[in-house]
Amino acid sequence: MKIFIDSADLGEIREAVAMGAVDGCTTNPSLIAKTGKSQREIVAQICEILDGPISAEVLSTKYDEMVVEGRALAKWHKNIVVKIPLIQDGLKAVRTLTQEGIKTNVTLCFSPTQALLAAKAGATYISPFVGRLDDAATEGMDLIEKIVRIYENYGYQTEVLVASVRHPVHVVQAAEIGAGACTIPFKVIQQLAYHPLTDSGLAKFLEDAKKTPKNG
Ligand code: E4P
């Protein structure tokens, strides 16, 4: 499973890349807003840090404007994936941009029918939001299972990019289901590496090592 970092924080992205964990990055307007910088400035710096797909989201909601904005975003760097909301005009924009060879990540997906239409429109990635479904008392991972099954049934090339990940169990479930990719906040990437028995085991080894003569 590919791991993307769901962040616009350059320090977090640098650290996760250094861990060897990261294949790509997703941003959204809320993550960009936290940086206090423009989307262009942040995305340009992410492109310097990471050689992989980097999602940058359009802010328009009308077909014509989304296409113009998507083309402009795609020109920023060869690794840009244009992130488009799953609305009717968004699907039209995905179709047009796909025909032009521009990669797209269809975001804010909450149902199998939305995912089916995104695949039909030629999306490169579909981003179902599991955490926000869990928040609404609906099992987010059920949606991932359905989408993966539907895509496999018909051989759609659209990659399932599990989004709105809140904890390590989401990541394990995504991998068990066989999702192509998972975009994960930095805090959760750190949690993936953590186990209390590793820390206590290491502390004991280091303590015991003090009792042995130094290596010659
Ligand atoms: C990624 O593409 C999404 O924008 C992100 O995962 C949303 O996560 P959230 O529900 O924690 O805001």
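Throughout this description, residue numbers start from 1 for each chain and increase along the sequence as written. For a predicted model such as this one, the threshold for reporting local features is a pLDDT of at least 70, and the threshold for listing and counting side-chain atom pairs is 80 or more; totals across whole chains, interfaces and linings nevertheless cover every residue. Derived side-chain values reflect all non-hydrogen atoms in the structure, with water molecules and hydrogen atoms excluded from consideration.

> I would appreciate a short explanation of the pairing of strand 1 (residues 2-6) in the present structure.
Regular strands show a simple pattern: their side chains alternate between the two faces of the sheet. Residue burial is assigned from relative accessible area. The probe radius is 1.4 Å, only protein chains are included, and a residue is buried under 20% of its type maximum, exposed over 50%, and partly exposed in between. Strands here mean DSSP runs of E at least two residues long; helices mean DSSP runs of H or I at least four residues long; both are numbered from the N terminus. Judged by how many residues are buried, strand 1 sits mostly within the fold: 4 of 5 residues are covered. We call two strands paired when DSSP finds no fewer than two bridges between them. The pairing of strand 1 with strand 8 (residues 181-184) spans 4 bridges and is classified as parallel. Counterpart to Ile5 in the pairing with strand 8 is Ile184. Whether a crossover is right-handed comes down to one check: with the strands pointing away from the viewer, does the path from the first strand over the helix to the second run clockwise; if it does, it is right-handed. At this point the chain moves from strand 1, through helix 1 (residues 10-18), to the parallel strand 2 (residues 24-26), and the crossover so formed is right-handed.

> When you look at the environment of Gly140 in this model, what are you seeing that I'm missing?
On the secondary structure map, Gly140 appears in helix 8 (residues 140-154). Each C-alpha atom of the pair Gly140 and Ile189 lies 19 Å from the other, and the pair is 49 residues apart in sequence.

> Explanation requested: the site of the ligand in the structure shown.
Throughout, the term near means that a residue has one or more heavy atoms lying within 4 Å of the molecule or strand in question. The local shell around the ligand consists of Asp6, Thr26, Asn28, Lys83, Phe129, Arg132, Ala163, Ser164 and Arg166. In protein, a polar contact requires one atom able to donate a hydrogen and another able to accept it; more generally it is a pair of N or O atoms within 3.5 Å, and residues adjacent in sequence count only if both atoms are side-chain atoms. Residue Lys83 places a side-chain N or O atom 2.6 Å away from an oxygen atom belonging to the ligand. Within the side chain of Ser164, a nitrogen or oxygen atom sits 2.7 Å from an oxygen atom of the ligand. In these tables, accessible area is a Shrake-Rupley quantity obtained with a 1.4 Å probe, and a residue counts as shielded only by the protein chains included in the view. Protein coverage of the free-state accessible area of the ligand, which is 340 Å², stands at 84%. Split by residue class, the shell around the ligand holds 2 nonpolar, 3 polar and 4 charged. Residue polarity is assigned by list, with Asp, Glu, Lys and Arg as charged and Ala, Val, Leu, Ile, Met, Phe, Trp, Tyr, Cys and Pro as nonpolar; anything else, Gly included, falls into the polar class.

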